[in-house]
Amino acid sequence: MEKIEHSKITTNGINMHIASIGTGPVVLFLHGFPELWYSWRHQMISLSSLGYRCIAPDLRGYGDTDAPPSPTSYTALHFVGDLVGLLDHLGVDQVFLVGHDLGASMAWYFCLFRPERVKGLVNLGVAFIRRNPEVKPFNEGFRAFVGEDFYICRFQEKEIEKELASVDAAKVLKIFHTSADSTPLRIPKGGLKSFKVADPLPSWLSEEYINYCATKYSKNGFTGGVNYYRALNLTWELLAPWTGAQIKVPTKFITGDQDGAYCFLGFKDYIESGEFKKDVPTLQEVVIMKGVGHFINQAKPEEISTHIYEFIKKF
(Lines give C-alpha, C1' and ligand atoms only; values in the text may rest on other atoms or scores of the structure.)
Protein backbone atom coordinates (compact mmCIF):
# COMPACT_ATOMS: atom_id res chain seq x y z
CA MET A 1 0.00 0.00 0.00
CA GLU A 2 2.86 2.40 0.74
CA LYS A 3 3.93 2.19 -2.92
CA ILE A 4 0.63 3.68 -4.11
CA GLU A 5 1.20 7.30 -5.07
CA HIS A 6 -1.35 10.09 -4.70
CA SER A 7 -1.74 13.27 -6.70
CA LYS A 8 -4.30 15.81 -7.86
CA ILE A 9 -4.91 16.90 -11.42
CA THR A 10 -7.21 19.49 -12.96
CA THR A 11 -9.75 18.10 -15.41
CA ASN A 12 -13.05 19.33 -16.83
CA GLY A 13 -13.22 22.22 -14.38
CA ILE A 14 -12.59 20.21 -11.18
CA ASN A 15 -9.63 19.01 -9.14
CA MET A 16 -9.47 15.22 -9.14
CA HIS A 17 -7.59 13.00 -6.71
CA ILE A 18 -5.96 9.95 -8.24
CA ALA A 19 -4.10 6.99 -6.78
CA SER A 20 -1.60 5.19 -8.98
CA ILE A 21 0.97 2.41 -8.88
CA GLY A 22 3.11 0.54 -11.39
CA THR A 23 4.33 1.01 -14.94
CA GLY A 24 3.17 -0.37 -18.26
CA PRO A 25 -0.22 -0.43 -20.04
CA VAL A 26 -2.76 1.60 -18.08
CA VAL A 27 -5.69 0.07 -16.22
CA LEU A 28 -8.21 2.71 -15.12
CA PHE A 29 -10.40 1.65 -12.18
CA LEU A 30 -13.76 3.33 -11.49
CA HIS A 31 -15.33 2.87 -8.06
CA GLY A 32 -18.97 2.67 -6.99
CA PHE A 33 -21.22 4.07 -4.27
CA PRO A 34 -20.51 4.51 -1.41
CA GLU A 35 -16.88 3.72 -2.16
CA LEU A 36 -13.65 5.50 -3.07
CA TRP A 37 -10.53 4.68 -5.07
CA TYR A 38 -9.57 2.56 -2.05
CA SER A 39 -12.02 -0.19 -2.99
CA TRP A 40 -9.59 -1.17 -5.80
CA ARG A 41 -6.48 -1.44 -3.61
CA HIS A 42 -6.26 -5.24 -3.96
CA GLN A 43 -6.53 -5.20 -7.75
CA MET A 44 -4.12 -2.28 -8.07
CA ILE A 45 -1.41 -4.03 -6.11
CA SER A 46 -1.96 -7.33 -7.90
CA LEU A 47 -2.01 -5.99 -11.46
CA SER A 48 0.85 -3.55 -10.92
CA SER A 49 2.99 -6.53 -9.96
CA LEU A 50 2.11 -8.08 -13.33
CA GLY A 51 3.34 -5.15 -15.39
CA TYR A 52 0.47 -2.68 -15.48
CA ARG A 53 0.11 0.94 -14.49
CA CYS A 54 -2.96 1.07 -12.27
CA ILE A 55 -4.85 4.34 -11.80
CA ALA A 56 -7.91 4.82 -9.60
CA PRO A 57 -9.51 8.25 -9.15
CA ASP A 58 -11.97 9.42 -6.58
CA LEU A 59 -14.83 10.19 -8.95
CA ARG A 60 -16.54 13.57 -9.07
CA GLY A 61 -18.26 14.21 -5.72
CA TYR A 62 -16.24 11.60 -3.81
CA GLY A 63 -13.32 11.57 -1.41
CA ASP A 64 -10.61 14.11 -2.16
CA THR A 65 -12.04 15.09 -5.56
CA ASP A 66 -14.12 18.25 -5.92
CA ALA A 67 -17.87 17.97 -5.40
CA PRO A 68 -19.83 20.59 -7.37
CA PRO A 69 -22.99 21.48 -5.42
CA SER A 70 -25.64 21.14 -8.14
CA PRO A 71 -27.08 17.73 -9.09
CA THR A 72 -27.07 18.92 -12.71
CA SER A 73 -23.26 18.62 -12.61
CA TYR A 74 -23.41 14.83 -12.17
CA THR A 75 -24.58 13.53 -15.53
CA ALA A 76 -22.78 10.79 -17.41
CA LEU A 77 -21.36 13.47 -19.70
CA HIS A 78 -19.70 15.18 -16.73
CA PHE A 79 -18.20 11.97 -15.38
CA VAL A 80 -16.87 10.82 -18.74
CA GLY A 81 -15.59 14.33 -19.43
CA ASP A 82 -13.60 14.15 -16.19
CA LEU A 83 -12.06 10.84 -17.23
CA VAL A 84 -11.16 11.92 -20.76
CA GLY A 85 -9.53 15.01 -19.26
CA LEU A 86 -7.66 12.79 -16.80
CA LEU A 87 -6.22 10.67 -19.61
CA ASP A 88 -5.34 13.74 -21.65
CA HIS A 89 -3.58 15.27 -18.65
CA LEU A 90 -1.53 12.10 -18.18
CA GLY A 91 -0.82 11.76 -21.90
CA VAL A 92 -2.52 8.36 -22.10
CA ASP A 93 -4.17 7.48 -25.40
CA GLN A 94 -5.85 4.18 -24.47
CA VAL A 95 -6.65 2.26 -21.30
CA PHE A 96 -8.10 -0.95 -20.06
CA LEU A 97 -11.22 0.10 -18.19
CA VAL A 98 -12.54 -1.61 -15.05
CA GLY A 99 -15.71 -0.44 -13.32
CA HIS A 100 -17.98 -1.42 -10.46
CA ASP A 101 -21.47 -0.15 -9.56
CA LEU A 102 -21.57 3.59 -10.41
CA GLY A 103 -18.12 3.12 -11.94
CA ALA A 104 -19.50 0.35 -14.15
CA SER A 105 -22.25 2.67 -15.38
CA MET A 106 -19.64 5.33 -16.19
CA ALA A 107 -17.47 2.73 -17.91
CA TRP A 108 -20.36 1.79 -20.22
CA TYR A 109 -20.89 5.45 -21.07
CA PHE A 110 -17.16 5.98 -21.60
CA CYS A 111 -17.19 3.13 -24.13
CA LEU A 112 -20.33 4.53 -25.74
CA PHE A 113 -18.90 8.05 -26.12
CA ARG A 114 -15.19 7.41 -26.71
CA PRO A 115 -14.60 3.77 -27.69
CA GLU A 116 -11.30 4.64 -29.37
CA ARG A 117 -9.80 5.37 -25.92
CA VAL A 118 -10.55 1.89 -24.53
CA LYS A 119 -8.60 -1.30 -25.33
CA GLY A 120 -10.90 -3.53 -23.31
CA LEU A 121 -13.55 -3.34 -20.60
CA VAL A 122 -14.11 -5.45 -17.50
CA ASN A 123 -17.32 -4.39 -15.75
CA LEU A 124 -18.64 -5.62 -12.42
CA GLY A 125 -22.18 -5.77 -11.13
CA VAL A 126 -24.07 -3.33 -13.37
CA ALA A 127 -24.91 -4.49 -16.88
CA PHE A 128 -25.36 -2.09 -19.79
CA ILE A 129 -28.78 -0.44 -19.58
CA ARG A 130 -30.25 0.22 -23.01
CA ARG A 131 -31.87 3.66 -23.23
CA ASN A 132 -35.63 3.40 -23.50
CA PRO A 133 -36.79 6.56 -25.29
CA GLU A 134 -40.28 6.17 -23.82
CA VAL A 135 -39.40 5.76 -20.14
CA LYS A 136 -37.35 7.97 -17.84
CA PRO A 137 -35.37 6.13 -15.14
CA PHE A 138 -37.54 7.55 -12.38
CA ASN A 139 -41.18 7.48 -13.34
CA GLU A 140 -44.24 6.22 -11.53
CA GLY A 141 -43.78 2.74 -12.92
CA PHE A 142 -40.29 2.34 -11.47
CA ARG A 143 -41.37 3.59 -8.07
CA ALA A 144 -44.31 1.22 -8.11
CA PHE A 145 -41.95 -1.66 -8.94
CA VAL A 146 -39.32 -1.10 -6.24
CA GLY A 147 -41.21 1.05 -3.74
CA GLU A 148 -40.85 4.61 -2.49
CA ASP A 149 -38.31 3.58 0.15
CA PHE A 150 -35.90 1.96 -2.31
CA TYR A 151 -32.63 3.76 -1.62
CA ILE A 152 -32.31 5.34 -5.09
CA CYS A 153 -35.86 6.69 -4.80
CA ARG A 154 -35.03 8.09 -1.37
CA PHE A 155 -31.95 9.75 -2.84
CA GLN A 156 -34.25 11.97 -4.91
CA GLU A 157 -35.50 13.60 -1.70
CA LYS A 158 -33.94 16.73 -0.19
CA GLU A 159 -34.07 15.44 3.36
CA ILE A 160 -31.97 12.34 2.69
CA GLU A 161 -28.71 14.19 3.43
CA LYS A 162 -29.95 15.04 6.89
CA GLU A 163 -30.86 11.41 7.48
CA LEU A 164 -27.45 10.22 6.31
CA ALA A 165 -25.72 12.87 8.43
CA SER A 166 -27.74 11.86 11.51
CA VAL A 167 -25.86 8.55 11.61
CA ASP A 168 -22.14 8.04 12.03
CA ALA A 169 -20.49 7.78 8.60
CA ALA A 170 -18.94 4.44 9.53
CA LYS A 171 -22.40 3.01 10.26
CA VAL A 172 -23.77 4.33 6.96
CA LEU A 173 -20.93 2.61 5.14
CA LYS A 174 -21.48 -0.64 7.02
CA ILE A 175 -25.21 -0.54 6.22
CA PHE A 176 -24.66 -0.13 2.49
CA HIS A 177 -21.80 -2.63 2.30
CA THR A 178 -23.66 -5.36 4.16
CA SER A 179 -27.22 -4.80 2.89
CA ALA A 180 -26.67 -5.02 -0.88
CA ASP A 181 -27.87 -8.59 -1.24
CA SER A 182 -30.45 -10.30 -3.43
CA THR A 183 -33.28 -8.05 -2.19
CA PRO A 184 -33.74 -4.29 -2.72
CA LEU A 185 -32.05 -2.02 -0.18
CA ARG A 186 -34.80 0.04 1.41
CA ILE A 187 -34.39 3.08 3.64
CA PRO A 188 -37.65 3.90 5.44
CA LYS A 189 -37.95 7.58 6.25
CA GLY A 190 -35.99 8.29 9.39
CA GLY A 191 -35.03 4.64 9.48
CA LEU A 192 -31.23 4.63 9.26
CA LYS A 193 -30.85 4.87 13.01
CA SER A 194 -32.85 1.67 13.45
CA PHE A 195 -30.64 -0.35 11.07
CA LYS A 196 -28.66 -3.04 12.82
CA VAL A 197 -25.16 -3.53 11.48
CA ALA A 198 -23.88 -7.06 11.01
CA ASP A 199 -21.73 -8.11 13.94
CA PRO A 200 -19.20 -9.38 13.20
CA LEU A 201 -18.70 -7.78 9.82
CA PRO A 202 -18.16 -10.08 6.83
CA SER A 203 -14.57 -11.29 6.68
CA TRP A 204 -13.87 -9.20 3.56
CA LEU A 205 -15.08 -5.94 5.13
CA SER A 206 -12.39 -4.70 7.49
CA GLU A 207 -12.68 -1.98 10.10
CA GLU A 208 -9.56 -0.46 8.54
CA TYR A 209 -11.35 -0.04 5.20
CA ILE A 210 -14.47 1.37 6.86
CA ASN A 211 -12.42 3.82 8.94
CA TYR A 212 -10.49 5.08 5.92
CA CYS A 213 -13.66 5.74 3.93
CA ALA A 214 -15.55 7.10 6.94
CA THR A 215 -12.84 9.72 7.45
CA LYS A 216 -13.49 11.05 3.94
CA TYR A 217 -17.29 10.86 4.15
CA SER A 218 -17.32 12.47 7.59
CA LYS A 219 -15.46 15.42 6.11
CA ASN A 220 -17.37 15.83 2.85
CA GLY A 221 -20.71 14.10 3.40
CA PHE A 222 -22.61 11.88 0.97
CA THR A 223 -24.18 14.61 -1.20
CA GLY A 224 -21.72 14.19 -4.06
CA GLY A 225 -22.49 10.50 -4.35
CA VAL A 226 -26.23 11.06 -3.99
CA ASN A 227 -26.24 13.73 -6.71
CA TYR A 228 -25.35 11.19 -9.40
CA TYR A 229 -28.66 9.41 -8.74
CA ARG A 230 -30.50 12.73 -8.79
CA ALA A 231 -29.10 13.41 -12.26
CA LEU A 232 -30.27 10.12 -13.80
CA ASN A 233 -33.29 11.64 -15.52
CA LEU A 234 -31.14 14.46 -16.89
CA THR A 235 -28.61 11.94 -18.16
CA TRP A 236 -31.49 10.10 -19.86
CA GLU A 237 -32.51 13.31 -21.61
CA LEU A 238 -28.97 14.11 -22.77
CA LEU A 239 -28.41 10.58 -24.10
CA ALA A 240 -31.15 10.87 -26.74
CA PRO A 241 -28.57 10.96 -29.58
CA TRP A 242 -27.25 7.56 -28.45
CA THR A 243 -30.63 5.78 -28.43
CA GLY A 244 -30.06 2.35 -29.94
CA ALA A 245 -26.27 2.69 -29.91
CA GLN A 246 -24.25 -0.41 -29.03
CA ILE A 247 -21.13 -0.94 -26.95
CA LYS A 248 -18.37 -1.93 -29.37
CA VAL A 249 -15.41 -2.42 -27.05
CA PRO A 250 -14.16 -5.93 -26.17
CA THR A 251 -15.94 -6.68 -22.91
CA LYS A 252 -15.98 -9.08 -19.98
CA PHE A 253 -18.82 -8.84 -17.46
CA ILE A 254 -18.70 -10.25 -13.93
CA THR A 255 -21.39 -10.33 -11.27
CA GLY A 256 -22.39 -12.32 -8.23
CA ASP A 257 -25.50 -14.46 -8.14
CA GLN A 258 -26.46 -12.72 -4.87
CA ASP A 259 -26.09 -9.20 -6.27
CA GLY A 260 -29.36 -7.29 -6.02
CA ALA A 261 -28.96 -5.83 -9.51
CA TYR A 262 -28.65 -9.33 -10.94
CA CYS A 263 -31.47 -10.78 -8.85
CA PHE A 264 -34.27 -8.22 -8.84
CA LEU A 265 -33.62 -5.55 -11.46
CA GLY A 266 -34.03 -7.96 -14.34
CA PHE A 267 -30.36 -8.31 -15.27
CA LYS A 268 -30.49 -12.09 -14.94
CA ASP A 269 -33.15 -12.44 -17.63
CA TYR A 270 -31.51 -9.72 -19.72
CA ILE A 271 -28.21 -11.60 -19.72
CA GLU A 272 -29.62 -15.09 -20.20
CA SER A 273 -32.06 -14.09 -22.96
CA GLY A 274 -29.28 -12.85 -25.20
CA GLU A 275 -30.45 -9.21 -25.15
CA PHE A 276 -27.25 -8.21 -23.37
CA LYS A 277 -25.21 -9.64 -26.23
CA LYS A 278 -27.31 -7.70 -28.73
CA ASP A 279 -26.52 -4.43 -26.96
CA VAL A 280 -22.87 -5.38 -26.42
CA PRO A 281 -21.99 -7.38 -29.55
CA THR A 282 -18.31 -7.39 -28.53
CA LEU A 283 -19.16 -9.14 -25.25
CA GLN A 284 -16.65 -11.98 -24.96
CA GLU A 285 -17.38 -13.45 -21.56
CA VAL A 286 -19.94 -13.37 -18.75
CA VAL A 287 -18.96 -14.68 -15.32
CA ILE A 288 -21.59 -15.32 -12.63
CA MET A 289 -19.80 -15.97 -9.35
CA LYS A 290 -21.66 -18.19 -6.90
CA GLY A 291 -22.51 -17.03 -3.41
CA VAL A 292 -21.23 -13.49 -3.96
CA GLY A 293 -23.10 -10.23 -3.47
CA HIS A 294 -22.66 -6.73 -4.80
CA PHE A 295 -19.22 -5.70 -3.53
CA ILE A 296 -17.56 -8.42 -5.54
CA ASN A 297 -14.14 -6.83 -6.05
CA GLN A 298 -13.66 -6.62 -2.29
CA ALA A 299 -15.36 -9.87 -1.32
CA LYS A 300 -13.33 -11.88 -3.86
CA PRO A 301 -10.23 -9.75 -4.47
CA GLU A 302 -7.87 -12.45 -5.74
CA GLU A 303 -10.46 -14.00 -8.06
CA ILE A 304 -11.42 -10.62 -9.53
CA SER A 305 -7.78 -9.67 -10.06
CA THR A 306 -7.25 -12.94 -11.90
CA HIS A 307 -10.37 -12.45 -14.03
CA ILE A 308 -9.19 -8.96 -15.01
CA TYR A 309 -5.68 -10.13 -15.83
CA GLU A 310 -6.80 -13.15 -17.85
CA PHE A 311 -8.90 -10.84 -20.01
CA ILE A 312 -6.63 -7.83 -20.55
CA LYS A 313 -3.46 -9.87 -21.17
CA LYS A 314 -4.98 -10.95 -24.50
CA PHE A 315 -4.70 -7.44 -25.95
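Residues numbered from 1 in each chain as written. Predicted model: local features only at pLDDT ≥ 70, side-chain atom pairs only at ≥ 80, totals over all residues. Heavy atoms only, no water.

Where an unreviewed UniProt entry is consulted, the protein chain appears under the name soluble epoxide hydrolase, with the organism given as Trema orientale. Per UniProt, the comment on the protein chain under Sequence similarities (unreviewed entry) is "Belongs to the AB hydrolase superfamily. Epoxide hydrolase family." As its UniProt record puts it under Pathway (unreviewed entry), the protein chain is described as follows: "Secondary metabolite biosynthesis; terpenoid biosynthesis." (UniProt positions renumbered as here; feature names shortened; annotations may be inferred.)

Please set out the environment of L50 residue by residue, giving values where relevant.
For L50, the position within the fold is in the loop between α1 (41-48) and β4 (53-57). Given the relative accessible area of 42%, L50 is considered partly exposed. Sequence separation between L50 and E275 is 225 residues, and the spatial gap between their C-alpha atoms is 35 Å. (Helix = DSSP H or I, 4+ residues; strand = E, 2+ residues; numbered from the N terminus. Buried < 20%, exposed > 50% of the residue type's maximum accessible area, 1.4 Å probe, protein only.)

Account for the side chain of N123, with residues named and values stated.
Within the secondary structure, N123 sits in strand β6 (residues 118-124). Given the relative accessible area of 0%, N123 is considered buried.

Let's hear about the sheet that holds strand β1 (residues 5-11): which residues, and what values?
Within a beta sheet, neighbouring strands are joined by backbone hydrogen bonds and run either parallel or antiparallel to one another. Taken in spatial order, the eight strands line up as β1-β2-β4-β3-β5-β6-β7-β8 in an open sheet, and their pairing is mixed. Of all the strands in the sheet, the pair left with one neighbour each is β1 and β8 (283-289). Averaged over all pairs of adjacent strands, the angle between strand axes in this sheet comes to 20°, irrespective of strand direction. In the sheet, strand β3 (residues 26-30) pairs with strand β5 (residues 95-100) via four bridges, with the strands oriented parallel. Counted as the bridge partner of F29 is V98 from β5. (Pairing = 2+ DSSP bridges. Axes fitted to C-alpha atoms, helices over the stretch in contact; angles between N-to-C directions.)

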